[in-house]
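# Notes for the structure review
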Amino acid sequence: MIYLDNSATTLPFDEVLDTYQKTAIRHFGNPSSLHDYGSEAEQLLRQARQSIANILNINTGEITFTSGGTEGNNIAIKGAAYARRARGNHIITSAVEHPSVLETCRYLENHGFEVTYLPVDEEGHVKLQDVKEAVREETILVSIMHVNHETGAVQPVEKIAEWLRGREKIRFHIDHVQGVAKVPLPLKNSGIDLCTVSAHKIHGLKGIGLLYIREGVQVEPLFHGGGQEQNVRSGTENLPGIVAFAKALRLSFERYQEAKSTLEKNKEMLIQACREREGMTVNTPENDSAPHIVNVSVFGTRPEIVIQALTKKNIHVSSKSACAARLQTASEVLAAQFGHEERAETGLRFSFSSETKDADIKQLMSALDEVVPEIRRVNEVKI
Amino acid sequence: MKADHILVRYSEIALKGKNRADFERTLKGNINRALASFSGAKARRTTGRLVVDTHDEDEEAIMGKLQHIFGISSLSYARKTSHELVDIQATALRVLQGQPDAKTFKVSARRSFKSFPIRSQQLNHEVGGYVLKNTEGVTVDVHQPDVELLVDVREHGTYISAGKIPGPGGLPVGSSEKVMLMLSGGIDSPVAGYLALKRGAEVEAVHFHSPPFTNERAKQKVIDLSRILAGYGTTIRLHVIPFTEIQQYIHKEVATNYEMTIMRRMMMRVSERVARERDALALVNGESLGQVSSQTLSSMHTIEEVADMPVLRPLITMDKVEVTDIAGQIGTFETSILPYEDCCTIFLPAESKTKPKREKANFYESFLDMDEMLEKAVSNRETITIDANEPSSPAFEELL
């Protein structure tokens, strides 16, 4: 099996599953219960939180555990927007965000907020200058992703954070779901107020993630209840998920660091191979892109068909964000980058993990060489 | 990577003769213990300061640890190079380039290695000129530079650093003698312990635990607080005193409005006995004048009567806000505010005397048979040694 859809989700590390199982059995107590099982669970929760805080170099009080990326983005955007409503109603984001950001912003547009969707250039990058120009008196929130989930473009979030740092009124949120453990993003003293991370993109389990909420930043909760997670996210803590998340984070930071040069070599090899093929265009920018994502448009094909053909050969890739993959439309990200042309409708995304081997890439290329001409022949497309 | 070395400076006025050597040795020992998890990173003494060779370990993490060690006045990231001018120039350039925000700089050369042929003034010119020539948009400002490049020529090499990071000040832990901290788990007593550590005292702690009225979490909280304190350059020995029996006895035998005073006198007695056994020369607590009814001068006067050793109160003149600020800075606040019952709040009568008298306290105690009970509390104590370098729970560590 060759799995090249790691931006959709990853295979959990064995150690992570082991931790999950042991925690679920040994420490099943509710961290809020007063008996020994409860206090042991609470102690473990605190230690897991400390471990994650150490890795990300933030304070334990700045971590709110969530159910994952979508929830983190929802709490960050709606929570910050509602908490700052008295100060203004304008939000800035980009046209290439994940649906959990875009749809949340569209929801807020129906509830009295105004949203500016910044364009991207040909490389898929947001421009700091555009952010500066979009800011106005009523602006209360800027939300820009770190690494784009379809093309791997790395947005200039550190520069944006630096510029926003002195503008106290504006909160800055980063969707860091695709970037964590792969592209460094220091949070401390950076000007970043909110940052979303999800466990299952880094070999943790589904249903767990965290939102970094910088000390002093207020967000309105979306869930009300027992007041867990500093009142931001009520609900019994998913302790096994959290502890396994801590483990996944630690191992991912180690293993992606080790795999960094392999990832980059493989990415370069795949990009080079695609450039050599007729009718393929690489959509991943040459500069400022993550080491684990390659996006390529294959003209004269439909991505669903290529994906089907490859999966029959036990090679698993995808087109756009898994959350939007079932809609048979062009990629919004590629459309924002290139306009609504064939390039936006024929994008394929290959995403690697720290375990991806160069043999996998070679096998992918020879499979593409087999299936793509066949699909074009059936479609009667000449390249 | 910013640096391959970290320079550690200290300044305390009373550093003369033998004191100085002791001070340096203690500080070096504390640094090396704090850096135990960084294999290779070791502190070395050179004239007038210490140098930590980071040996390719994470220099920011090392800096973070050093900023917790008392006795350090300031710190600098530094690169070490040879006595060759070309090396010094190239390294100075690299150090400046590590400061991307610097628009202006000046060079301050020092030459404690006197056989180095270039005098300091001349070296300032040679290095400054080279840096100017090889950078863009950077100028010299000798009055208010963004960055001061310190070039320090020493016998075994030249250290080049930019900017000073403040250290925590104080004296190296262990350079003063030992105290026994009365650690409750509230906001104040950990801060008092921190301040005692800051002045170089070696700290052990007593905590009063009254199961089942106070639960395991309250105890765990105190262990966690001790661990945070242990992060300031030392291990901490925590004595957990079983206090239920004494509390119940007082509750039964003593007039309501003197219960709190007598209970505190008992705590004082137990703490003093543990202190004697452990060769501590003073007690430390988190009292601040007038903060609560047990902290009026009358209360202190009456309670302290039973202790035959100094009772140090580092917070005595502080407002709650000041104490809370320190607790936030040293990282104990979040733990301190966890809402578990501690033994000072259980059995607490509705009314306590705010101005208790020694005679009255002695009168009530004359009916008590307490010696055996105190002895039992001391001898049945649980002693836990807490080392900041060791995981708080190895079983959990495996999961993480």
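Everything numeric in this text was worked out from a predicted model, so none of it was measured.

In this section: the overall build of chain B. Helix and strand counts for chain B stand at 14 helices and 15 strands. Along the first, second and third principal axes, the C-alpha atoms of chain B reach 85 × 45 × 40 Å. Classification of the 400 residues of chain B by burial places 51% in the buried group. Across chain B, the fraction of contacts at a sequence separation of at least 24, relative to all contacts at a separation of at least 6, is 80%.

Turning to the overall build of chain A, a few remarks are in order. What chain A contains, in helices and strands, is 11 helices and 12 strands. Considering only C-alpha atoms, chain A reaches an extent of 70 × 50 × 35 Å along its principal axes. Evaluated residue by residue, chain A yields a buried proportion of 58% over its 383 residues. If you sum the accessible surface of chain A, you get close to 16,000 Å²; carbon and sulfur atoms cover 49% of it. When the 43 basic and 50 acidic side-chain charges of chain A are each reduced to a single mean position, those positions are 2 Å apart.

Attention shifts here to the UniProt feature "coiled-coil region" (unreviewed entry) in chain A. Following the UniProt record, one finds the feature "coiled-coil region" (unreviewed entry) at residues 246–273 of chain A. Regarding residues 246–273 of chain A, the helix share stands at 100% and the strand share at 0%, and the terminal C-alpha atoms are separated by 37 Å.

Here we take up the domain arrangement of chain A. Residue and element names in this part refer to chain A. According to the domain assignment, chain A contains domain 1 (2–7 + 258–381) and domain 2 (14–250). Each of domain 1 and domain 2 has a C-alpha centre, and these two points are 28 Å apart. A combined buried area of about 2,100 Å² lies between domain 1 and domain 2, and 54% of that area is made up of carbon and sulfur atoms. Our count for the contact surface shared by domain 1 and domain 2 stands at 13 residue pairs in polar contact (both at pLDDT 80 or more). Broken down by element, the side of domain 1 that touches domain 2 gets its largest block of residues, six residues, from helix 9 (residues 332–338).

Take the side chain of histidine 5 of chain B next. All names here are of chain B. Within the secondary structure, histidine 5 sits in strand 1 (residues 5–9). Of note is the side chain of histidine 5, whose polar atom sits 2.9 Å from the side chain of aspartate 4. Apart from residues no more than four positions distant in its own chain, histidine 5 is found in contact with Val51, Val52, Asp53, Thr54, Ser76, Tyr77, Ala78, Lys80 and Tyr159.

Counting residues at the interface gives 27 residues for chain A and 16 residues for chain B. The largest per-residue losses of area from chain A upon contact with chain B belong to Gln43, Arg46 and Gln47 of chain A, which jointly make up 32% of the total buried on that side. Across the contact surface, chain A and chain B share three salt bridges. As a salt-bridge pair, arginine 217 of chain B and glutamate 42 of chain A come within 3.8 Å of each other at their nearest N and O atoms. For the side of chain A that touches chain B, the elements supplying multiple residues, two or more each, are helix 1 (14–26), helix 2 (36–56) and helix 7 (239–276) of chain A.

The subject of this paragraph is the UniProt feature "binding site: ATP" (unreviewed entry) in chain B. All names here are of chain B. As recorded in UniProt, the feature "binding site: ATP" (unreviewed entry) lies at Met182, Leu183, His207, Phe208, Arg264, Gly286 and Gln295. Tracing the backbone shows methionine 182 in strand 10 (residues 178–182). Once residues lying within four places of it in the same chain are set aside, the contact partners of methionine 182 are Ser189, Val206, Met267, Met268, Ser271, Val284 and Asn285. Given a relative accessible area of 5%, phenylalanine 208 falls into the buried group.

Looking now at the nonpolar core. Residues and elements named next belong to chain A. One finds Ile52, Phe65, Ile144, Phe172, Ile192, Leu210 and Phe245 to be the most contacted residues of the largest nonpolar core, which totals 50 residues. Tallying contributions element by element places helix 2 first for this core, with seven residues. Beyond its immediate stretch of four places on either side in the chain, leucine 210 contacts Ile52, Leu56, Ile63, Thr64, Phe65, Thr66, Cys195, Thr196, Val197 and Phe245.

Residues and elements named next belong to chain B. We note that the domain assignment places domain 1 (5–166) and domain 2 (176–399) within chain B. On a C-alpha basis, the centroid separation for the pair domain 1 and domain 2 is 42 Å. Counting residues at the interface gives eight residues for domain 1, matched by nine residues for domain 2. In this assembly, domain 1 packs against domain 2 so that about 770 Å² is buried in total across both faces, 53% of it on carbon and sulfur atoms. Inspection of the region where domain 1 meets domain 2 yields zero salt bridges. Linking domain 1 with domain 2 are zero residue pairs in polar contact (both at pLDDT 80 or more). Residue contributions to the side of domain 1 that touches domain 2 peak at three residues, all from helix 1 (residues 17–34).

All names here are of chain A. The strand order across the open sheet formed by three strands is 9-10-12, and the pairing between neighbours is antiparallel. With one partner strand each, in any of the chains shown, strand 9 (280–282) and strand 12 (347–351) form the two edges of the open sheet. Ignoring which end each strand starts from, the neighbouring axes of this sheet average 30° apart. Sheet topology note: the strand 9/strand 10 (residues 293–298) ladder contains three bridges and is antiparallel. Residue threonine 281 lies in a different strand from strand 10, and its bridge partner there is serine 297. Of the strands in this sheet, strand 9, strand 10 and strand 12 are in contact with helix 7, which crosses strand 10 at around 10°. The sheet contacts of helix 11 (residues 358–378) involve strand 9, strand 10 and strand 12, and relative to strand 12 the element is tilted by about 165°.

Attention shifts here to the UniProt feature "domain: THUMP" (unreviewed entry) in chain B. On the UniProt side, "domain: THUMP" (unreviewed entry) is annotated at positions that read residues 60–164 of chain B here. Note that residues 60–164 of chain B is 32% helix and 32% strand, and that its end C-alpha atoms are spaced 14 Å apart.

Further remarks concern helix 10 (residues 320–330) of chain B. All names here are of chain B. Residues of helix 10 that are buried: Val323, Ile326, Ala327 and Ile330. With its buried residues spanning 100° around the axis, helix 10 presents them on a single face. In helix 10, those exposed residues whose orientation departs by more than 90 degrees from the buried face are Val321 and Gln329. Residues of helix 10 that are buried make contact with helix 5 (188–198), helix 6 (216–230) and helix 11 (333–336). Glycine 331, located one to two residues past helix 10, shows a positive phi value of around 85°.

Okay, the packing of aromatic side chains next. All names here are of chain A. As enumerated under the stated definition, the model contains 11 aromatic pairs over all chains in all. Relative to tyrosine 37, the ring of phenylalanine 28 has its centre 5.1 Å away and its plane inclined at 35°; by these criteria the two rings are tilted. Phenylalanine 28 gets classed as exposed once you look at its relative accessible area, which sits at 58%. Between phenylalanine 65 and phenylalanine 245, the aromatic rings sit 6.4 Å apart at their centres with planes inclined by 70°, giving edge-to-face as the arrangement. Pair noted here: phenylalanine 65 is in strand 2 (residues 63–66) and phenylalanine 245 is in helix 7, with a separation of 180 residues, a long-range link. The same class applies to phenylalanine 65 as to phenylalanine 245, namely buried. Its end group placed over the ring of tryptophan 163, arginine 167 keeps NZ or CZ at 3.7 Å from the ring centre. Positioned above the aromatic ring of tyrosine 256 is the side chain of lysine 182, whose terminal nitrogen or guanidinium carbon lies 5.3 Å from the ring centre.

Another point: the sheet that holds strand 12 (residues 235–242) of chain B. All names here are of chain B. Pairing is mixed across the open sheet formed by six strands, whose spatial order is 14-13-10-11-12-15. Both edges of this open sheet fall to strand 14 (311–312) and strand 15 (382–387), since each of them pairs with a single strand only. Here strand 13 (residues 282–284) pairs with strand 14 via two bridges, running parallel. Opposite valine 284, over in strand 14, you have leucine 312 as the bridge partner.

What counts as what
Residues numbered from 1 in each chain as written. Chains lettered and ligands numbered in written order. Predicted model: local features only at pLDDT ≥ 70, side-chain atom pairs only at ≥ 80, totals over all residues. Heavy atoms only, no water. Helix = DSSP H or I, 4+ residues; strand = E, 2+ residues; numbered from the N terminus. Buried < 20%, exposed > 50% of the residue type's maximum accessible area, 1.4 Å probe, protein only. Contact = heavy atoms within 4.5 Å. Areas by Shrake-Rupley, 256 points an atom, 1.4 Å probe, with all protein chains shown as cover. Lys, Arg positive; Asp, Glu negative; His and termini not counted. Charge placed at Lys NZ, Arg CZ, Asp CG, Glu CD. UniProt positions renumbered as here; feature names shortened; annotations may be inferred. Domains from an automatic or database assignment. Buried area = accessible area lost by both parts, 1.4 Å probe. Polar contact = N/O pair within 3.5 Å; in protein donor to acceptor, adjacent residues only side chain to side chain. Salt bridge = Lys/Arg side-chain N within 4 Å of Asp/Glu carboxyl O. Core = buried A, V, L, I, M, F, W, Y, C linked by side-chain atoms within 4.5 Å. Pairing = 2+ DSSP bridges. Axes fitted to C-alpha atoms, helices over the stretch in contact; angles between N-to-C directions. Arc of directions from axis to C-beta. Phe/Tyr/Trp six-rings, centres within 6.5 Å; stacked < 30°, edge-to-face > 60°. Lys NZ or Arg CZ within 6 Å of the ring centre and 35° of its normal.

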